[in-house]
Amino acid sequence: MKLLSSFKKELILASRGFYFYVELVFALVLLAVLLFAIPQNFSSTSTEYLFFNLPQEGKEIFINNILKDDLDTKSEMVEVEASGKTFNAELIVTDESEIYIVDSEEAVRALADSEKVIGAVIELDDNNQLHYKYYLQGYESTRLKNLISILQNESTDVLEERFENQDVRPLSTDYEPLTDRENTIPPLIAFSGSLMGMFIMASYIFLDKKEGVIEAYAVTASSVWRYLMSKIFVVLLTSVVSGLIIIMPVMGFRINYGLLLLLLLTTGFFASSLGLLIASFYDNLVKAFGVIYLLVFLLMVPSIAYFIPGWDPVWIKIIPSYPLLQGFKEIILPNGDIAYPLITSAGFLAVGIILFAITNIRFKKTLSV
Amino acid sequence: MIKVEGLYHSYLKNDNFAVRDVNFEVAEGEIFGFLGPSGAGKSTTQGILTGLLQLQKGNVSVAGYDIKNISRKMFNKIGMSFEQSNVYSKMTAKENLSFYSKLFDVETRDPIELIELVGLKGKENIRTGEFSKGMKHRLTFARSMINNPSMWFLDEPTTGLDPAITATIKDIIKEQNNKGVTVFLTTHNMFIADELCNRVGFIVDGVIKLIDSPKKLKLQYGEKLVEVEYAQNGNIKKESFSTIMQEDKDLLNQIIADKEILTMHTKEATLEEIFIKVTGRGLA
């Protein structure tokens, strides 16, 4: 009854406060970014500007070869602008590239300069051999430059034959990858839904410290743990709501929401207990800001590893946000490992309970008059 | 109701004590005034008595509960009005008191009744963030009565209040005391203490210098003089006479008989004067 009353009071305070809406609006902003800014899959289409300074017959052979890869095997006449000039171009769109065939080297150079992409001029040299001139941007890697050199020194027929003879076999056949948009969800939900709770919780406590209401609560027949737990309940509620705001419109009903709620609640409990513990050492948010900032920075490191698969050092795995991210990923993966989020939830719950117990002792000891 | 023996407390947990060897008792139904200047150790002592500060050394019992192992049940019997108002500014006056009423295991008072009692009628549905300092203070005072406490701690209950409201607050304290409520009043306002307290304790630099009733203190430390203003030959004369010396008593009788008396009153020592005499310190 006392816990319920405290929870109701916290809900009233949260609904009339600033931070409650900050978290929800933040979740809506992240959802908008997910739906409208992040494509289903990031496009790897490149843009190329070419000029065939060749006799008409040679030019047609090249263009016809490229046209075979065009999505509708037809080119389109377009106008492109660069450096204040308009150039006519024949556009061929393939799966991988948008190729603009222009009618002068000047156009290639101007477009490469203004669009910051590679341009090429293909012509015949004095010995009637094909000569390739590339307009690079200057920041291309040595590997790319070497690749371009190889391409021009090796017969394309030989290269094509070697590519075709390569045998690529997937070792795991039951693995269904996430789309780029879905893959972006775990870091967003981890920080908006779970770890944001740490900051919000500390803010709630500092507001109460400012008003002195913790002392008033301490001289009632209700225990301090109820006061702390009621705040955690509110943070968990907003964590779940903001988590669902982000995940439901994107994932629909394709995921196990029971597991998702479990992980959101346990990680939210851990994060808010951590926020409580930090708040027990300081009088106000300004004094605690350094520690909170360091912790947020540390907790963000695993999200860098998340987007760079080749960088996954062992030490990163002991940062709590690492299993948090992986746990959310396993939940949204079509054939995700159920055991992982379950074990992760148990771990966060256990650590959260320990943090909460320490915090409770600290709050009892540090109530000042 | 309160028993304190050999109480010591150090914030730095060293020999720099905020209170030292404090001993006193407060009987049931008594109004005990704990008087001293800022930083004397009043709030520290009160903090320990109310469980807000941990007991480090000494024996303290409040309302029959040992403070060493505080039971939450103790707070069903205790009311605490803080010097600094501490109510939820985003909640209305009624919401504030209703919330606190649910944190006790005993029958509680009607929030509206308490709000009206402290002169805040019509303000019950206004968020306390919009209240003046005095209004918040009154609400904090009202909240301390929500659980019908038998042991009532009041920390500067009239600070920042206008005379009319101060009178109301004093009346409420007297009324509660008449119902048997024990009051531990912490203040540096000697007039309030003089008017309300059965006994007062003077604390300076963490040490209790003296405990007695205001009346006895005045008798002990008062100057026993009568100050008279009378008219003589068109002029106003002012003289003091001892109420002990026979010569002065005779002179006073003669003036009363022969002259037109304008004002006459005994010159009693105020608590503040006694405090300064005993402790050698002011109350500022």
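Just so you know, these numbers come straight off a predicted model, no measurement behind them. (Residues numbered from 1 in each chain as written. Chains lettered and ligands numbered in written order. Predicted model: local features only at pLDDT ≥ 70, side-chain atom pairs only at ≥ 80, totals over all residues.)

Some thoughts on the packing of helix H2 (residues 93-101) of chain B against helix H4 (residues 133-143) of chain B
Residue and element names in this part refer to chain B. Put simply, the rule reads: Between N-to-C directions, angles cover 0 to 180 degrees, with each direction set by a line fitted to C-alpha atoms, over the stretch in contact for helices. Helix and strand assignments follow DSSP, with helices taken as H or I runs no shorter than four residues and strands as E runs no shorter than two, numbered in order from the N terminus. When describing relative orientation, an angle under 35 degrees is termed roughly parallel and one over 145 degrees roughly antiparallel, while 65 to 115 degrees is termed roughly perpendicular and anything else oblique. Note: crossing handedness is left-handed where the near helix turns anticlockwise from the far helix by less than a right angle, and right-handed where it turns clockwise. By definition, residue pairs are in contact when their C-beta atoms, positioned from the backbone, come within 7 Å. Basically, the charged four are Asp, Glu, Lys and Arg, the nonpolar ten are Ala, Val, Leu, Ile, Met, Phe, Trp, Tyr, Cys and Pro, and anything else, Gly included, counts as polar.
Direction vectors running N to C along H2 and H4 enclose 25 degrees, while the axes themselves pass 10 Å from each other. Regarding the angle of H2 to H4, the classification is roughly parallel. In terms of crossing hand, the pair formed by H2 and H4 is right-handed. Together, Ala93, Asn96, Leu97 and Tyr100 of H2 and Leu139, Ala142 and Arg143 of H4 make up the contact between the two elements. Classifying every residue of the contact of H2 with H4 gives five nonpolar, one polar and one charged.

Notes on helix H5 (residues 163-178) of chain B
Residue and element names in this part refer to chain B. For clarity, the threshold we go by: Every helix has an expected span of 1.5 Å times one less than the residues it contains. Whether a residue is buried, exposed or partly exposed is read from the other C-beta atoms within 10 Å of its own C-beta, which are placed from the backbone; 20 or more gives buried, 12 or fewer gives exposed, and intermediate counts give partly exposed. Note that the arc is computed from the directions linking the helix axis to the C-beta atoms.
With 16 residues, H5 should reach 22 Å at 1.5 Å per residue; the first-to-last C-alpha distance of 22 Å fits that figure. All buried positions along H5 are accounted for by Ile169, Ile173 and Gln176. Along H5, the residues classed as buried sweep out an arc of 65 degrees about the axis, all on the same side. Facing away from the buried surface of H5 by more than 90 degrees, the exposed residues are Pro163, Ala164, Ala167, Asp171, Glu175 and Asn178. For H5, the secondary structure elements touched by its buried residues are H4, strand S7 (151-155), strand S8 (182-187) and helix H6 (190-196). The first or second residue beyond H5 is Gly180, which carries a positive phi of 105 degrees.

Description of the sheet that holds strand S10 (residues 207-212) of chain B
All names here are of chain B. To keep it simple, the criterion reads: Any two strands with at least two DSSP-identified bridges between them are counted as paired.
Taken in spatial order, the six strands make up an open sheet running S6-S7-S8-S3-S9-S10, and their pairing is mixed. The sheet is open, and its two edges are formed by strand S6 (78-81) and S10, each paired on a single side. Taking the axes of each pair of neighbouring strands and ignoring which way they run, one obtains an average angle of 15 degrees across the sheet. Direction of pairing for S7 relative to S8: parallel, over a ladder of five bridges. Bridge assignment links Phe153 to a residue of S8, and that residue is Phe184.

Here we look at the interface of chain B and chain A
Taken together, the contacts link 28 residues of chain B with 22 residues of chain A. Among the elements that make up the side of chain B that touches chain A, the one with the highest residue count is helix H1 (residues 42-49) of chain B (four residues). Grouping the amino acids of the side of chain B that touches chain A by side-chain chemistry returns 12 nonpolar, 10 polar and six charged.

A closer look at the confidence of the model for chain B
Formally: Per-residue confidence from the predictor is reported as pLDDT, which spans 0 to 100.
For chain B, the mean per-residue pLDDT works out to 90, and 99% of the residues sit at or above 70. Interface confidence for the predicted complex, given as ipTM, is 0.85, next to a pTM of 0.76.

Digging into the sheet that holds strand S2 (residues 19-26) of chain B
The pairing of strands in a sheet happens through backbone hydrogen bonds and is either parallel or antiparallel. Residue and element names in this part refer to chain B. Sheet architecture is open: four strands sit in the order S2-S1-S4-S5, paired in antiparallel fashion. Strands with a single pairing partner mark the edges of an open sheet, and in this sheet they are S2 and strand S5 (65-66). As paired elements, strand S1 (residues 2-9) and S2 share five bridges and run antiparallel to each other. For Leu7, the partnering residue across the bridge sits in S2 and is Val22. The sheet strands contacting H1 are S1, S2 and strand S4 (57-62), and the helix crosses S1 at an angle near 120 degrees.

A closer look at the nonpolar core
Side chains of nonpolar character tend, in soluble globular proteins, to be buried together. Put simply, the rule is: Put simply, a nonpolar core is a cluster of buried Ala, Val, Leu, Ile, Met, Phe, Trp, Tyr and Cys residues tied together by C-beta atoms within 7 Å.
Phe328 of chain A together with Ala142, Val183, Phe184, Leu185 and Ala193 of chain B are the most contacted members of the largest nonpolar core, which has 130 residues in total. Among the elements that take part in this core, helix H7 (residues 180-211) of chain A stands out by supplying 14 residues, more than any other. Beyond its immediate stretch of four places on either side in the chain, Phe184 of chain B contacts Ile2, Val26, Phe32, Phe34, Leu49 and Phe153 of chain B. Among the nonpolar cores identified, the runner-up in size contains 15 residues, and Phe87, Val108, Ala110 and Ala112 of chain A belong to it.

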